[in-house]
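Listed here are the chains, written in short residue letters.
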Amino acid sequence: MAIGDQILDLAAVADANLFPGDAGQGIRAGRLPSLNSLMQLGPPVWGALRRALFEALAQGSALEGALRSCLVPQEDAIFSLPAQIGDYTDFYISIHHATAIGRQFRPDNPLLPNYKWIPIGYHGRSSSIGVSGQSFPRPQGQRPGTDGPTVGPSTRLDYELEMGIFIGAGNPLGAAIPLADAENHIFGLCLLNDWSARDLQGWEYQPLGPFLAKNFATTISPWVVTLQALAPFRVPFNRPPEDPQPLPYLDSQPNRDAGAIDIRLEALIQTAKMRDRHEPPQRLSETSFRHAYWTISQLVAHHTVNGCNLRPGDLLGSGTQSGPTPAEAGSLVELSKGGSQPLQIGQDEQRTFLEDGDTVIFRGRCERPGAVTIGFGELLGRVLPPLTPNR
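Conventions adopted
- Residues numbered from 1 in each chain as written.
- Predicted model: local features only at pLDDT ≥ 70, side-chain atom pairs only at ≥ 80, totals over all residues.
- Heavy atoms only, no water.
- Helix = DSSP H or I, 4+ residues; strand = E, 2+ residues; numbered from the N terminus.
- Contact = heavy atoms within 4.5 Å.
- Salt bridge = Lys/Arg side-chain N within 4 Å of Asp/Glu carboxyl O.
- Buried < 20%, exposed > 50% of the residue type's maximum accessible area, 1.4 Å probe, protein only.
- Phe/Tyr/Trp six-rings, centres within 6.5 Å; stacked < 30°, edge-to-face > 60°.
- Pairing = 2+ DSSP bridges.
- Axes fitted to C-alpha atoms, helices over the stretch in contact; angles between N-to-C directions.
- Parallel < 35°, antiparallel > 145°, perpendicular 65-115°, else oblique.
- Nonpolar A, V, L, I, M, F, W, Y, C, P; charged D, E, K, R; others polar.
- Expected span 1.5 Å × (residues − 1).

*Asks:* Just to check I follow, could you spell out the side chain of H303 for this structure?
*Replies:* In this fold, H303 is placed in helix α11 (residues 296-304). When neighbours within four sequence positions are excluded, H303 is seen to be in contact with T89, F91, C308, L310 and L316.

*Asks:* Explanation requested: the pattern of salt bridges in the structure shown.
*Replies:* Close approach of charged atoms allows side chains with opposite charge to pair. Overall, the coordinates contain 22 salt bridges when judged by the stated rule. With a closest N to O distance of 2.7 Å, K214 and E160 form a salt bridge. Of this pair, K214 sits in the loop between α7 (198-204) and β14 (218-220) while E160 is found in the loop between β10 (157-158) and β11 (161-167), placing the two residues 54 residues apart along the sequence. Each member of the pair, K214 as well as E160, is classed as buried. It is possible to trace a salt-bridge network through shared partners that takes in D158, E160, D194, R198 and K214.

*Asks:* Teacher, can you tell me more about the packing of aromatic side chains here?
*Replies:* Aromatic ring pairs are reported here in terms of the distance separating the ring centres and the angle at which the planes meet. Counted under the stated rule, the structure contains 8 aromatic pairs. Ring geometry for Y92 versus Y115: centroids 6.0 Å apart, planes at 85 degrees, classification edge-to-face. Here the residue Y92 occupies a position in the loop between β4 (88-91) and α6 (95-105), and Y115 occupies one in the loop between α6 and β5 (121-123), the gap between them amounting to 23 residues. The buried category is assigned to Y115, whose relative accessible area is 3%. Between the aromatic rings of F136 and F216, the centroid separation amounts to 5.6 Å while the plane-to-plane angle is 50 degrees, which identifies the pairing as tilted. In this pair, F136 is assigned in strand β7 (residues 134-137) and F216 in the loop between α7 and β14, connecting sequence segments 80 residues apart. Given the relative accessible area of 18%, F216 is considered buried. Feature note: the residues Y92, Y115, Y293 and W294 constitute an aromatic cluster, connected by ring pairs.

*Asks:* In this structure, what is going on with the side chain of H97? I would like to understand it.
*Replies:* With respect to the helices, strands and loops of the structure, H97 is situated in helix α6. Excluding residues that lie within four positions of it along the chain, H97 makes contacts with Y92, T320, S322, S331 and E334.

*Asks:* I'm lost on the environment of N109 in this one. Help?
*Replies:* Structurally, N109 is set in the loop between α6 and β5. Along the chain, N109 and S135 lie 26 residues apart, while their C-alpha atoms are 37 Å from each other.

*Asks:* Quick question: what am I supposed to make of the pairing of β7 here?
*Replies:* A regular strand places its side chains on the two faces of the sheet in alternate fashion. Alternating residues of β7 divide into Q134 and F136, all buried, and S135 and P137, none buried. Relative to strand β24 (residues 374-384), β7 runs parallel, the two sharing 4 bridges. Its bridge partner lying in β24, S135 is registered against R382.

*Asks:* Is there a simple way to think about the sheet that holds strand β23 (residues 359-366) in this case?
*Replies:* Hydrogen bonds between backbone atoms are what pair the strands of a sheet, whose relative direction is either parallel or antiparallel. Read across the open sheet, the 5 strands follow the order β7-β24-β23-β18-β19; overall the sheet is mixed. This sheet does not close on itself; its edge strands, each paired only once, are β7 and β19 (282-288). Pairs of neighbouring strands in the sheet enclose a mean axial angle of 20 degrees, with direction left out of account. Inspection of the sheet shows strand β18 (residues 264-270) paired to β19 by 6 bridges, in the antiparallel sense. The residue of β19 that forms the bridge with I269 is Q282.

*Asks:* Please explain the sheet that holds strand β1 (residues 2-3) as it appears in this structure.
*Replies:* Read across the open sheet, the 3 strands follow the order β1-β2-β3; overall the sheet is antiparallel. Each edge of the sheet is formed by a strand with only one pairing partner; in this case those strands are β1 and β3 (71-73). Sheet analysis places strand β2 (residues 6-8) next to β3, joined by 3 bridges and oriented antiparallel. Within β3, the residue paired with I7 across the bridge is V72.

*Asks:* Sorry if this is basic, but what is going on with α6 here?
*Replies:* Residues separated by three or four positions in an α-helix point in the same direction, a consequence of the helix having 3.6 residues per turn. Every buried residue of α6 is accounted for by I95, H97, A98, T99, I101 and G102. As for α6, its buried residues are in contact with α12 (332-335).

*Asks:* What am I meant to see in the packing of helix α2 (residues 21-30) against helix α4 (residues 43-57) here?
*Replies:* Helix-helix packing is characterised by the crossing angle of the two axes and by the distance between the axes. With their axes 8 Å apart at the nearest point, α2 and α4 run at an angle of 95 degrees to one another. In terms of orientation, α2 and α4 fall into the roughly perpendicular class. Here D22, A23, Q25, G26 and I27 of α2 come into contact with α4, specifically with P44, V45, A48, L49, A52 and L53. Classifying every residue of the contact of α2 with α4 gives 8 nonpolar, 2 polar and 1 charged.

*Asks:* Help me understand α4 in this model?
*Replies:* With 15 residues, α4 extends 21 Å from end C-alpha to end C-alpha; this agrees with the ideal 21 Å at 1.5 Å per step. The complete set of buried residues in α4 reads V45, W46, G47, A48, L49, A52, L53 and A56.

*Asks:* Mind showing me how you'd approach the environment of R382 here?
*Replies:* One can find R382 in strand β24. If we ignore the near neighbours within four places in the chain, the residues touching R382 are Q134, S135, F136, W195, R275, G357, D358 and T359.

*Asks:* So what exactly am I meant to see when it comes to unusual backbone geometry here?
*Replies:* Most peptide bonds take the trans form, and the phi angle of most residues other than glycine is negative. The step from Q206 to P207 runs through a cis peptide bond, and the omega angle for that step is 10 degrees. Within the secondary structure layout, P207 lies in the loop between α7 and β14. At H278, a position not held by glycine, the phi torsion is positive, near 60 degrees. Here H278 is to be found in the loop between α10 (272-276) and β19. Take H278: its relative accessible area is 72%, and that puts it in the exposed class. The phi angle at K337 is positive, at roughly 55 degrees, despite the residue not being glycine.

Right under this line is the structure:
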């Protein structure tokens, strides 16, 4: 549990045996190497744990001294994945991103006819999900060419500014999770970068969707922010009146009133040259998760409407989050207009897509007057040169 620049070590707290009841149960589950056991216990335990620790850490608390010895400086910690991720589903819930990408391929009809009716998603690869600090070789695969496809490193490597949604308590196979109950099955949110090889994707994605273009690396932040912590930053979920309204299983008044979350998202880049010159990262864009076309509850309800069973630690990706203006684009393919307009980076560099040595950084925060600012920490990933290709 993050406390300013410190970490409260739940294993040390469990050894001290300070908390009874639901809070104690949550602490004992939290001492394990991953959060899956805590995730499966559900909102009553999560809430009891959070309340008990906040009260115990308050200045002047009778337990303040005992917990002080359980604190570890964040700078001394080595981060790992917060959970054992069994399954990963990536959605596509930014209409602004979908429209911008569609316009590059279908100028007269950028959105496919089902987009406004259904949360589009595909099953991703969980084995290549890594925690912030992940570095990976440039992906390789088939790319289109004038005389047929060739095999080699991607030349159009991109990042995708996303949110990750961790599942808490799961559901039995065959039992759908209704919209009204969906948030009881969501443990919390993190930052997510679903790296994308655009040239590989353009060649392979029809008819079944992305494959090698997406399965080489996905990076997430180490911190998971619970829905209870995000409660002050809930905002209405609004659809334009001219758009089709969600079908009944994806619609409710509570979801309309406060289904969206205002999370400010920021993407930055630091090239190898910038690091060598000790230059700070350069911001590429900033947007908000409130612009998403579907809510996190709708994703869970739709994912399970056919009886699919979700399990504790499963991860959902939101898809690239872009806002309504060009400056709010969540990917280079949007910012560079498909590679046709290079971006000026640092003193003397340009980028249309990522080059070897580039580091991409995501940051997220929630803030509003009268509420404590919530941070998501930082997500960092770096592109390495490609490995020797198989011929």
